[in-house]
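# Fold and contact review
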Amino acid sequence: MIPILILAAGASSRMGRDKLLLDIDGQPMLRRMVDIAASVGPVFTTLPPRPHDRYGALTGASCIQVPVGQTGFAASLRHGIAALPAQADGVLILPADMPDITADDLRAVIKASADHPECHIWRATTEGGKPGHPVLFDASMFDLFAALFGDTGGAEIIRNYPELTFNVPLNGNRARRDIDTPEDWQDWLRNR
């Protein structure tokens, strides 16, 4: 079993409002991402502590609270990985603010793990080869997440194990396109 871990515990400070609650096709971006991921496999979502408006967008979803004062990708990853079921064979990590990612993209990364079992990390890239998300880590790598701090996230692990990493090109730039600022949002709306 390969669960999908959606990282949604960030503050959205550069956006000026909660980017994960922005409306895409009649639903919050976060709900949309969870629904896309749920069509592929079991989903776990890291969130800020309650009370928070994001919980209202995820009724019925498996939510993992990241404690107050623990910020950055690393905190979400540490808490998210620790909460996964013991029978997980790996985890597919996906930031919640990547609205171009599709269920087929998630399946492509999972398929690469089956096609290239000699690797332990399968990372989506842009069509041109720039690293992005989602990234699948084999369960044998889970212990490495406990030592992560700050905003580097899994990139530090990938840097340390290039020989165990397989790149999975996705169409266009969607492996890197995220929404961080009002300009990103307006640009995405114009070009979708």
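Here goes a summary of the coordinates provided.

Analysis parameters
- Residues numbered from 1 in each chain as written.
- Predicted model: local features only at pLDDT ≥ 70, side-chain atom pairs only at ≥ 80, totals over all residues.
- Heavy atoms only, no water.
- Pairing = 2+ DSSP bridges.
- Helix = DSSP H or I, 4+ residues; strand = E, 2+ residues; numbered from the N terminus.
- Axes fitted to C-alpha atoms, helices over the stretch in contact; angles between N-to-C directions.
- Contact = heavy atoms within 4.5 Å.
- Core = buried A, V, L, I, M, F, W, Y, C linked by side-chain atoms within 4.5 Å.
- Buried < 20%, exposed > 50% of the residue type's maximum accessible area, 1.4 Å probe, protein only.
- Expected span 1.5 Å × (residues − 1).
- Salt bridge = Lys/Arg side-chain N within 4 Å of Asp/Glu carboxyl O.

## Digging into the sheet that holds strand β6 (residues 90–95)
The mixed open sheet is built from 7 strands, whose spatial order is β5-β4-β1-β6-β8-β7-β9. Strand pairing shows two members of the sheet lacking a second neighbour, β5 (62–65) and β9 (165–169), which therefore form its edges. Neighbour-to-neighbour, the strand axes of this sheet turn through a mean angle of 25°, independent of strand direction. The pairing of strand β4 (residues 43–47) with β5 spans 4 bridges and is parallel. Within the sheet, the bridge partner assigned to F44 lies in β5 and is S62. Each of β1 (4–7), β4 and β6 touches helix α1 (residues 29–38); the most contacted strand, β4, lies at about 155° to it.

## Side note on the nonpolar core
The biggest cluster of nonpolar side chains holds 36 residues, and the ones touching the most others in it are I6, M29, L30, L106 and W185. Of all the elements in the fold, those that place two or more residues in this core are β1, α1, β4, β6, α3 (103–115), β7 (121–125) and α5 (182–191). With 6 residues, the single largest contributor to this core is α1. W185 has contacts with M15, R17, L22, D23, I24, M29 and I179, leaving out every residue within four places of it along the chain. Within the second largest apolar cluster, 20 residues are counted, among which are L7, L77, L84 and M141.

## Concerning the pairing of β1
The alternating pattern of β1 places I4 and I6 on one face and L5 and L7 on the opposite face, and all of these are buried. One ladder, built from 4 bridges, connects β1 with β4; its direction is parallel. Each bridged residue has a counterpart across the sheet, and for L7 the counterpart in β4 is T46. Relative to β6, β1 runs parallel, the two sharing 4 bridges. Each residue of the ladder has a partner; that of L7, found in β6, is P95.

## Regarding α3
Think of an α-helix as turning once every 3.6 residues; residues three or four places apart then point the same way. The end-to-end C-alpha distance of α3 is 18 Å, a good match for the 18 Å that 13 residues give at a rise of 1.5 Å each. Where α3 is buried, its residues contact β1, α1, β6, β7, β8 (131–138) and β9.

## Overview of the pattern of salt bridges
Inspection of the entire model under this criterion finds 11 salt bridges. For the salt bridge of K19 with D97, the shortest nitrogen-to-oxygen distance reads 2.7 Å. Of the two residues, K19 sits in the loop between β1 and β2 (23–24) while D97 sits in the loop between β6 and α3, which places them 78 residues apart along the sequence. Of the two residues examined, K19 and D97, each falls in the buried class. One network of salt bridges, with partners in common, ties together D100, R177, D187 and R190.

## Quick look at the pairing of β8
Summarising the sheet, β6 and β8 pair through 4 bridges and their orientation is antiparallel. Considered in β8, the bridge of V91 is made with F137. Of the pairings in the sheet, the one linking β7 to β8 comprises 4 bridges and is antiparallel in character. For I121, the partnering residue across the bridge sits in β8 and is F137. Hairpin connection from β7 to β8: 5 residues lie between these consecutive antiparallel strands, with G129 at a positive phi of about 95°.

## Details of the environment of P48
Of note, P48 is situated in the loop between β4 and β5. Spatially, the C-alpha atoms of P48 and R159 are 28 Å apart, while their sequence positions differ by 111 residues. In this structure P48 touches A8, A9, G10, R54, Y55, Q65 and V66, once residues within four positions along its chain are discounted.

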